Amino acid sequence: MKLEILPRFRLAFLPTPVAELKRLHGALSDNPNAPRLLIKRDDLTGLAFGGNKTRKLEFLIGDAISQGCDSVVTGGAAQSNHCRQTAAAAASAGMECHLVLGGTEPGEFTGNLLLDRILGAKISWNGDLRKGENIPVIAKQLRASGKQPYVIPYGGSNAIGAVGYVLAMKELSAQLSQMKLKATHVVVASSSCGTQAGLVLGARLFYPEVRVVGIRIDKDEIGITFEEQLIQIANETAQHIGVDENFTRSDFIVRDQYLGGGYGVVGELERNAIQKLGELEGIILDPVYTSRAFGGMLDLIEQDYFGKSDTVLFWHTGGGPAVFAESI
Ligand SMILES: *Cc1c(COP(=O)(O)O)cnc(C)c1O
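Please read all numbers here as calculations on a predicted model, not as lab measurements.

Calculation notes
- Residues numbered from 1 in each chain as written.
- Predicted model: local features only at pLDDT ≥ 70, side-chain atom pairs only at ≥ 80, totals over all residues.
- Heavy atoms only, no water.
- Near = heavy atom within 4 Å.
- Polar contact = N/O pair within 3.5 Å; in protein donor to acceptor, adjacent residues only side chain to side chain.
- Helix = DSSP H or I, 4+ residues; strand = E, 2+ residues; numbered from the N terminus.
- Nonpolar A, V, L, I, M, F, W, Y, C, P; charged D, E, K, R; others polar.
- Domains from an automatic or database assignment.
- Contact = heavy atoms within 4.5 Å.
- Buried area = accessible area lost by both parts, 1.4 Å probe.
- Salt bridge = Lys/Arg side-chain N within 4 Å of Asp/Glu carboxyl O.
- Buried < 20%, exposed > 50% of the residue type's maximum accessible area, 1.4 Å probe, protein only.
- Phe/Tyr/Trp six-rings, centres within 6.5 Å; stacked < 30°, edge-to-face > 60°.
- Lys NZ or Arg CZ within 6 Å of the ring centre and 35° of its normal.
- Pairing = 2+ DSSP bridges.
- Axes fitted to C-alpha atoms, helices over the stretch in contact; angles between N-to-C directions.

Caption draft 1: Structural view of the site of the ligand. Near the ligand there are 17 residues, and of these Lys53, Lys56, Ser192, Thr195 and Thr317 occur at the shortest range. In the environment of the ligand, an oxygen atom lies 3.0 Å from a nitrogen or oxygen atom belonging to the side chain of lysine 53. For the shell around the ligand, the secondary-structure elements that each account for two or more residues are helix H2 (53-66), strand S7 (185-190) and helix H7 (194-206). The residue inventory of the shell around the ligand, partitioned by class, reads three nonpolar, 11 polar and three charged. Split by domain, the shell around the ligand shows at least three residues from each of two domains, domain 1 (3-51 + 158-325) and domain 2 (53-156).

Caption draft 2: Structural view of the domain arrangement of the protein chain. If you check the domain split of the protein chain, you get domain 1 (3-51 + 158-325) and domain 2 (53-156). Computed over C-alpha atoms, the centres of domain 1 and domain 2 are 24 Å apart. Facing the 41 residues of domain 1 at the interface are 34 residues of domain 2. Summing both partners gives a buried area of about 3000 Å² for domain 1 against domain 2, and 61% of it is carried by carbon and sulfur. For the interface between domain 1 and domain 2, the tally reads six salt bridges.

Caption draft 3: Spatial organisation of unusual backbone geometry. Of note, the bond from leucine 14 into proline 15 is cis; its omega dihedral lies within 30 degrees of zero at 0°. Along the polypeptide, proline 15 turns up in the segment before strand S1 (18-20). Notably, cysteine 193 is not glycine yet its phi reads approximately 85°, a positive angle. Using a relative accessible area of 2% as the deciding quantity, one classes cysteine 193 as buried. You will see that aspartate 304, though not glycine, has its phi angle at about 60°, which is positive. By the element assignment, aspartate 304 lies in the loop between helix H10 (290-302) and strand S10 (311-316). The partly exposed category is assigned to aspartate 304, whose relative accessible area is 39%.

Caption draft 4: Looking closely at the packing of aromatic side chains. Scanning the model with the defined rule gives six aromatic pairs in all. With 6.1 Å between their ring centres and 45° between their planes, phenylalanine 247 and phenylalanine 252 make a pair best called tilted. Residue phenylalanine 247 is classed as buried on the basis of its relative accessible area, which comes to 2%. Overall, the relative accessible area of 5% leaves phenylalanine 252 in the buried class. Over the face of the ring belonging to tyrosine 289 we find lysine 53, whose NZ or CZ atom lies 5.6 Å from the ring centre. Arginine 117 extends its terminal NZ or CZ atom over the ring of phenylalanine 109, reaching a point 4.6 Å from the ring centre.

Caption draft 5: The arrangement of the sheet that holds strand S5 (residues 122-125) in detail. The parallel open sheet is built from four strands, whose spatial order is S5-S4-S3-S6. The open sheet has two edge strands, S5 and strand S6 (149-151), and neither has a second partner. Ignoring which end each strand starts from, the neighbouring axes of this sheet average 25° apart. In this sheet, S5 lies alongside strand S4 (residues 96-101) in parallel orientation, the contact comprising four bridges. Bridge assignment links leucine 99 to a residue of S5, and that residue is isoleucine 123.

Laid out in structure tokens, this is it:
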């Protein structure tokens, strides 16, 4: 296994904490089947307000440095957490950061976008294209001007980035065993697929008893289906780290009934989840990803998807700064 020898640029404070959601569990006491609830705090990875992209960026920036690149290009929505963490990672590595964002330039920069500016990122606006479709255009311009850009795909989701979540599952396994706890399920928000694919490969290698339940966040697909994307990233990541593992559709658990009004549209499910975890546990969920995934998990608990003897770990993937850009 090549995990230990891949180029890595340290950005995160690891391991991130695991805690039990005791007060939330107490509030579910009228449900005799409510499982034990844990939370993994990847909102506390530490890089410019944290989040899941930090683990991927350790390997993506490591790769960029090993190739001698002087700049990075990536893209996403205007309030992209991935773009904000990439801007911070690039600053920390001394590289220029170019962000290819959806939408048009707003009069006032708030939330993640304000942080992008503070972190020194150079931003281009791309209207309806919110998934970095124009990344190649900006990369070409940079090359023409004599730069050596490193391209990071939408969400940092490829075999290089997903390695961060293979190792995150290894981290969780060691951490829970030290705490004398065993998780039966991990619930995680899933969008560009790198996080879930990495966790599923990590579980196969380091924690085979755990089942990873991905809650889909974004109903738009580009080119291939969501499931095909998960399979592709998991298989490419296995190959990249030199393990002989193969994945098919049945290796992934995906819940896609919580897509609501679409990407970034805050509804009752999201609002309720944010309020509940805030009031009961003092933990902030974001309006786009973790609130939808947490709301979905609460619904699955209500539907007795889990059993009383299960231990369900919610993987908090961050996104907090977007709270300051939304009216929740
Ligand atoms: C990007 C992101 C996700 C989804 O991770 P993917 O690897 O894109 O599936 C979940 N939560 C937050 C807060 C994110 O920023």
